[in-house]
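# Observations on the model geometry
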Amino acid sequence: MASLALYYQQLVDLPAAQSLCVLVGLPKLISYWPALLGISIVFQLLRLSSNSLSSLVFGAKFDSLSARQKYDWGIRVVSQVHAIIVVVLAVPVFFKEELRRDTLYGFNDHAAQLYTIVCG
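Okay, so let's go over this structure. (Residues numbered from 1 in each chain as written. Predicted model: local features only at pLDDT ≥ 70, side-chain atom pairs only at ≥ 80, totals over all residues. Heavy atoms only, no water.)

## Describing the packing of helix H5 (residues 67-90) against helix H7 (residues 109-119)
Helix-helix packing: each pair is described by the crossing angle between the helix axes and the interaxial distance. Rules: Note on geometry: axes are C-alpha line fits, over the in-contact stretch for helices, and angles between N-to-C directions span 0 to 180 degrees. To qualify as a helix, a DSSP run of H or I must reach at least 4 residues; to qualify as a strand, a run of E must reach at least 2; elements of each kind are numbered from the N terminus. Roughly parallel refers to an angle under 35 degrees, roughly antiparallel to one over 145, roughly perpendicular to one between 65 and 115, and oblique to any angle outside these ranges. In what follows, residue pairs with any heavy atoms lying within 4.5 Å of each other are defined as contacts. Residue polarity is assigned by list, with Asp, Glu, Lys and Arg as charged and Ala, Val, Leu, Ile, Met, Phe, Trp, Tyr, Cys and Pro as nonpolar; anything else, Gly included, falls into the polar class.
Here H5 crosses H7 at 170 degrees, and the two axes come no closer than 10 Å. If you check the angle between H5 and H7, you find them roughly antiparallel. Facing H5, whose interface residues are His82, Ile85, Val86, Leu89 and Ala90, H7 presents His110, Leu114, Ile117 and Val118. Residue composition of the contact of H5 with H7, by class: seven nonpolar, two polar and no charged.

Now the structure itself:
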(Lines give C-alpha, C1' and ligand atoms only; values in the text may rest on other atoms or scores of the structure.)
Protein backbone atom coordinates (compact mmCIF):
# COMPACT_ATOMS: atom_id res chain seq x y z
CA MET A 1 0.00 0.00 0.00
CA ALA A 2 2.89 2.34 0.73
CA SER A 3 4.26 1.80 -2.77
CA LEU A 4 0.87 2.75 -4.25
CA ALA A 5 0.87 5.97 -2.23
CA LEU A 6 4.42 6.68 -3.37
CA TYR A 7 3.49 6.07 -7.02
CA TYR A 8 0.43 8.31 -6.63
CA GLN A 9 2.61 11.08 -5.17
CA GLN A 10 5.07 10.73 -8.06
CA LEU A 11 2.18 11.28 -10.47
CA VAL A 12 1.01 14.32 -8.51
CA ASP A 13 4.54 15.75 -8.58
CA LEU A 14 4.88 15.58 -12.37
CA PRO A 15 5.78 19.11 -13.47
CA ALA A 16 3.81 18.87 -16.72
CA ALA A 17 0.64 17.86 -14.87
CA GLN A 18 1.08 20.63 -12.32
CA SER A 19 1.62 23.21 -15.06
CA LEU A 20 -1.44 22.02 -16.97
CA CYS A 21 -3.66 22.22 -13.88
CA VAL A 22 -2.48 25.76 -13.17
CA LEU A 23 -2.83 26.71 -16.85
CA VAL A 24 -6.49 25.69 -16.95
CA GLY A 25 -7.13 27.56 -13.70
CA LEU A 26 -7.61 24.53 -11.45
CA PRO A 27 -4.64 24.52 -9.06
CA LYS A 28 -6.37 22.28 -6.51
CA LEU A 29 -6.75 19.61 -9.18
CA ILE A 30 -3.01 18.96 -8.91
CA SER A 31 -3.50 16.67 -5.91
CA TYR A 32 -6.44 14.79 -7.41
CA TRP A 33 -5.85 14.33 -11.15
CA PRO A 34 -4.41 10.79 -10.83
CA ALA A 35 -7.52 9.70 -8.90
CA LEU A 36 -9.75 11.38 -11.48
CA LEU A 37 -8.02 9.51 -14.27
CA GLY A 38 -8.10 6.26 -12.29
CA ILE A 39 -11.78 6.43 -11.45
CA SER A 40 -12.58 7.23 -15.09
CA ILE A 41 -10.71 4.09 -16.14
CA VAL A 42 -12.52 2.01 -13.49
CA PHE A 43 -15.92 3.18 -14.71
CA GLN A 44 -14.96 2.52 -18.33
CA LEU A 45 -13.86 -1.01 -17.38
CA LEU A 46 -17.16 -1.48 -15.56
CA ARG A 47 -19.04 -0.46 -18.69
CA LEU A 48 -17.02 -2.84 -20.82
CA SER A 49 -17.50 -5.75 -18.40
CA SER A 50 -21.17 -5.06 -17.70
CA ASN A 51 -22.26 -6.88 -20.86
CA SER A 52 -20.49 -10.07 -19.83
CA LEU A 53 -21.81 -9.87 -16.29
CA SER A 54 -25.33 -9.06 -17.45
CA SER A 55 -25.24 -11.97 -19.88
CA LEU A 56 -24.36 -14.29 -17.00
CA VAL A 57 -27.07 -12.89 -14.75
CA PHE A 58 -29.90 -12.42 -17.24
CA GLY A 59 -28.99 -15.10 -19.80
CA ALA A 60 -30.92 -15.33 -23.07
CA LYS A 61 -33.05 -12.28 -22.31
CA PHE A 62 -29.97 -10.03 -22.27
CA ASP A 63 -28.39 -11.83 -25.22
CA SER A 64 -31.47 -11.10 -27.35
CA LEU A 65 -30.91 -7.34 -27.08
CA SER A 66 -29.47 -5.44 -30.02
CA ALA A 67 -25.91 -4.09 -29.89
CA ARG A 68 -27.27 -0.58 -29.28
CA GLN A 69 -29.48 -1.80 -26.40
CA LYS A 70 -26.54 -3.66 -24.84
CA TYR A 71 -24.43 -0.50 -25.07
CA ASP A 72 -27.22 1.53 -23.46
CA TRP A 73 -27.55 -1.12 -20.75
CA GLY A 74 -23.83 -0.84 -19.97
CA ILE A 75 -24.12 2.92 -19.64
CA ARG A 76 -27.08 2.52 -17.28
CA VAL A 77 -25.16 0.03 -15.13
CA VAL A 78 -22.26 2.45 -14.78
CA SER A 79 -24.63 5.33 -14.09
CA GLN A 80 -26.41 3.39 -11.36
CA VAL A 81 -23.18 2.26 -9.66
CA HIS A 82 -21.79 5.79 -9.91
CA ALA A 83 -24.93 7.31 -8.39
CA ILE A 84 -24.95 4.86 -5.47
CA ILE A 85 -21.28 5.50 -4.68
CA VAL A 86 -21.71 9.28 -4.86
CA VAL A 87 -24.83 9.36 -2.69
CA VAL A 88 -23.29 7.16 0.00
CA LEU A 89 -20.08 9.19 0.09
CA ALA A 90 -21.89 12.56 -0.09
CA VAL A 91 -23.81 12.20 3.17
CA PRO A 92 -20.81 12.98 5.44
CA VAL A 93 -20.02 16.10 3.39
CA PHE A 94 -23.23 17.71 4.64
CA PHE A 95 -21.85 17.61 8.18
CA LYS A 96 -18.42 19.15 7.52
CA GLU A 97 -18.19 22.33 9.56
CA GLU A 98 -15.70 24.13 7.28
CA LEU A 99 -18.06 23.65 4.35
CA ARG A 100 -21.02 24.94 6.35
CA ARG A 101 -19.13 28.07 7.35
CA ASP A 102 -18.18 28.96 3.79
CA THR A 103 -20.65 27.42 1.37
CA LEU A 104 -19.11 29.06 -1.68
CA TYR A 105 -15.34 28.76 -1.18
CA GLY A 106 -15.08 26.21 1.63
CA PHE A 107 -12.67 23.37 0.97
CA ASN A 108 -12.37 19.97 2.58
CA ASP A 109 -10.24 17.02 1.51
CA HIS A 110 -13.13 14.53 1.86
CA ALA A 111 -15.32 16.74 -0.32
CA ALA A 112 -12.52 17.08 -2.88
CA GLN A 113 -12.18 13.29 -3.06
CA LEU A 114 -15.93 13.05 -3.55
CA TYR A 115 -15.80 15.65 -6.33
CA THR A 116 -13.10 13.54 -7.97
CA ILE A 117 -15.44 10.54 -8.01
CA VAL A 118 -18.33 12.68 -9.23
CA CYS A 119 -16.26 13.92 -12.17
CA GLY A 120 -14.94 10.42 -12.94
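## Quick word on H5
An α-helical turn contains 3.6 residues, so a residue and the one three or four places further along point in the same direction. Definition in use: A helix's residues, less one, multiplied by 1.5 Å, set its expected span. Exposure categories follow from relative accessible area, calculated using a 1.4 Å probe and restricted to protein chains: below 20% of the type maximum is buried, above 50% is exposed, and the middle band is partly exposed.
With 24 residues, H5 should cover 34 Å at 1.5 Å per step; its first-to-last C-alpha distance of 34 Å lies within 8% of that length. Turning to H5, its buried residues are Gly74, Val78, His82, Val86 and Ala90. The elements touched by buried residues of H5 are helix H3 (33-58) and H7.

## Regarding the packing of helix H1 (residues 2-12) against H3
At their nearest, the axes of H1 and H3 sit 8 Å apart, and the two run at 110 degrees to each other. When the interaxial angle is binned, H1 and H3 end up roughly perpendicular. Residue-level contacts link Tyr8, Leu11 and Val12 of H1 to Trp33, Pro34 and Ala35 of H3. Looking at the contact of H1 with H3 residue by residue, the class counts come to six nonpolar, no polar and no charged.

## Some points on the nonpolar core
What counts here: Put simply, a nonpolar core is a bunch of buried Ala, Val, Leu, Ile, Met, Phe, Trp, Tyr and Cys residues held in one set by side-chain atoms that sit within 4.5 Å of each other.
Among the nonpolar cores identified, the biggest contains seven residues, and these are Val86, Ala90, Val93, Leu99, Ala111, Leu114 and Ile117. Contributions of two or more residues to this core are made by H5 and H7. With three residues, H7 is the single largest residue contributor to this core. Membership of the second largest hydrophobic core comes to five residues, among which are Val12, Ala17, Ile30 and Trp33.

## Structural notes on the packing of aromatic side chains
As a reminder of what qualifies: Whether two aromatic rings pair depends on their centres lying within 6.5 Å, for rings of Phe, Tyr and Trp, where Trp uses its six-membered ring; planes under 30 degrees apart make the pair stacked, over 60 edge-to-face, and the rest tilted.
Throughout the structure, instances matching the rule amount to two aromatic pairs. Here the aromatic cluster, defined as three or more aromatic residues joined through ring pairs, consists of Phe58, Phe62 and Trp73.

Any link to function would need more than the numbers given here.
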